[in-house]
Amino acid sequence: MSTTVSGVPGNHPFEEFRDEVALFVAKAIASGDACPAYGAILPLGLREKAMHWQRFCYEHRWAGVHWPREHGGMGLTTDHNVIWHEECAAADVAPYLNLQGLVLAGEAILRSGTESQRERFLRPTLRNNILWCQLFSEPGAGSDLAGLQSSAIRDGDRFILNGQKVWSSNAQMAQFGILMARTDFEQPKHKGITFFLLDMALDGVEVRPIKQMTGDSEFCEVFFSDVAIPSDAVLGDVNGGWAVAMAVLQDERGGAGASGVISLRRRLEKMIQGVGQVNSLQIDGLIRILNRGKALQSLMERRGGDAQIAPIAKLMNSELGYDEAQIDSSLHGAQSMLTSPSTEALLYSPGMRIAGGTSEIQRNIIGERLLGLPREPQVASD
Ligand SMILES: Cc1cc2nc3c(=O)[nH]c(=O)nc-3n(C[C@H](O)[C@H](O)[C@H](O)COP(=O)(O)OP(=O)(O)OC[C@H]3O[C@@H](n4cnc5c(N)ncnc54)[C@H](O)[C@@H]3O)c2cc1C
């Protein structure tokens, strides 16, 4: 298959581009090259299929839609990228290998990387020679991320890293991680943090998978013992990592609502197949979910690129996924607690209200920053 986009940015009327994406994806499904959609985190069971699909997209020049052509991308716009995501969602196909690499690390390097960092990381990420994980959360620093205590102390032209991260999705497969560590303990807590591109193969990095209630181990604990990080692994400025990370979190949260609801109607239809009689309460619940999905989709269509929308999209999307799983399990009755098509989602969906910032934290952000409500009391001032 050799469907390629030959033009330069701006040369693609959106509908024409949409048709090209749909054709490429349909052919890849027919040839068995596409990987089914799975969300932000690469499940272990789909690893080979997903790696093949990412490589296939790269080789056919369909990876990194809005990334520069000199780094292996297609050189188009973020609007084209939204169309890529929408068409993948409509076809129930994964839009990328994992969010941590193709969105979080990739966009951060595009924004804040030096030319040599872009050269070193972007193309291998698109080609899937580098799989990324995100090393932000710690046992004592999740919602209060700026409270992180992992330390990276400068020692000549390197930093010596010690500490622990947790809930690091895909870390057991990753070659690199985006890492935040404290480089100056004298500074106020948001200021003494540096952002690193960490080589997971360095001596002193130990990854221990965590068993989830779904039975899978998608995330891990990661321990650091005197890891020597070269100084060219710093992304952005030393002690300036908080700003780099905030943009990453915005990408993580803003992307949440973009295309997840496109296949909602299909998922709801699938839900009611084979469950026998559906009562009026359940129909009411299904309609409510469909309407919330449509509201989220409309919001994203109107204001998707607006940074202020990120916490709203994240909140709406994770709560929708949770309620969708609840109604699905109610359709399957007690069997959903054991083994039914709804069991996995029932067990997985509570995690989505936590990953990328909890629903409570999104509500705080919306209240304080968007609506201008009084800030909640701060325990420690910074
Ligand atoms: C499936 C999954 C994947 C993840 N993947 C990654 C990853 O790849 N990399 C990574 O770094 N992290 C990852 N995480 C971690 C995630 O970002 C954190 O779990 C999350 O930010 C919450 O932090 P915490 O677990 O420390 O909970 P805490 O911050 O301890 O919060 C505990 C509870 O208190 C509530 N709470 C805390 N502060 C407030 C407040 N001010 N107001 C109101 N309520 C509050 C929270 O909402 C929550 O209910 C993942 C988590 C999950 C579930």
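None of these values were measured; they are calculated from a predicted model. (Residues numbered from 1 in each chain as written. Predicted model: local features only at pLDDT ≥ 70, side-chain atom pairs only at ≥ 80, totals over all residues.)

Here we look at the pairing of strand 3 (residues 158-169)
Part 1: Bridging between strand 2 (residues 151-155) and strand 3 involves five bridges; their strand directions are antiparallel. Along strand 3, the bridge assignment pairs Ile153 with Ile160.
Part 2: Pairing between strand 3 and strand 7 (residues 219-230): nine bridges, direction antiparallel. When the bridges of strand 7 are listed, Ile160 appears paired with Ala228. (Pairing = 2+ DSSP bridges. Helix = DSSP H or I, 4+ residues; strand = E, 2+ residues; numbered from the N terminus.)

Side note on the domain arrangement of the protein
Frequently, the measure chosen for interface size is the accessible area that the parts lose on association.
Part 1: According to the domain assignment, the protein consists of domain 1 (14-97), domain 2 (133-240) and domain 3 (260-370).
Part 2: When each unit is reduced to the centre of its C-alpha atoms, the spacing between domain 1 and domain 3 is 24 Å.
Part 3: Contact with domain 1, which involves six residues of that partner, is made by five residues of domain 3.
Part 4: Of the residues belonging to the side of domain 1 that touches domain 3, the class tally is three nonpolar, one polar and two charged. (Domains from an automatic or database assignment. Contact = placed C-beta atoms within 7 Å. Nonpolar A, V, L, I, M, F, W, Y, C, P; charged D, E, K, R; others polar.)

Remarks on the site of the ligand
Part 1: Among the 20 residues in the neighbourhood of the ligand, the closest are listed as Phe136, Gly142, Ser143, Thr358 and Glu360.
Part 2: Counting contributing residues, the shell around the ligand receives three or more from each of domain 2 (133-240) and domain 3 (260-370). (Near = placed C-beta within 6 Å.)

A few points about helix 2 (residues 47-59)
Part 1: Its 13 residues place the ends of helix 2 18 Å apart at the C-alpha level, agreeing with the 18 Å of an ideal helix rising 1.5 Å per residue.
Part 2: Buried residues of helix 2: Ala50, Trp53, Gln54, Cys57 and Tyr58, and no others. Buried residues of helix 2, seen end-on, are gathered within an arc of 135° and therefore sit on one face of the element. Of the residues in helix 2, the exposed ones pointing more than 90 degrees away from the buried face are Glu48 and Glu59.
Part 3: Looking at the packing, one finds that the buried side of helix 2 touches helix 5 (115-126). (Expected span 1.5 Å × (residues − 1). Buried ≥ 20, exposed ≤ 12 C-beta atoms within 10 Å, placed from the backbone. Arc of directions from axis to C-beta.)

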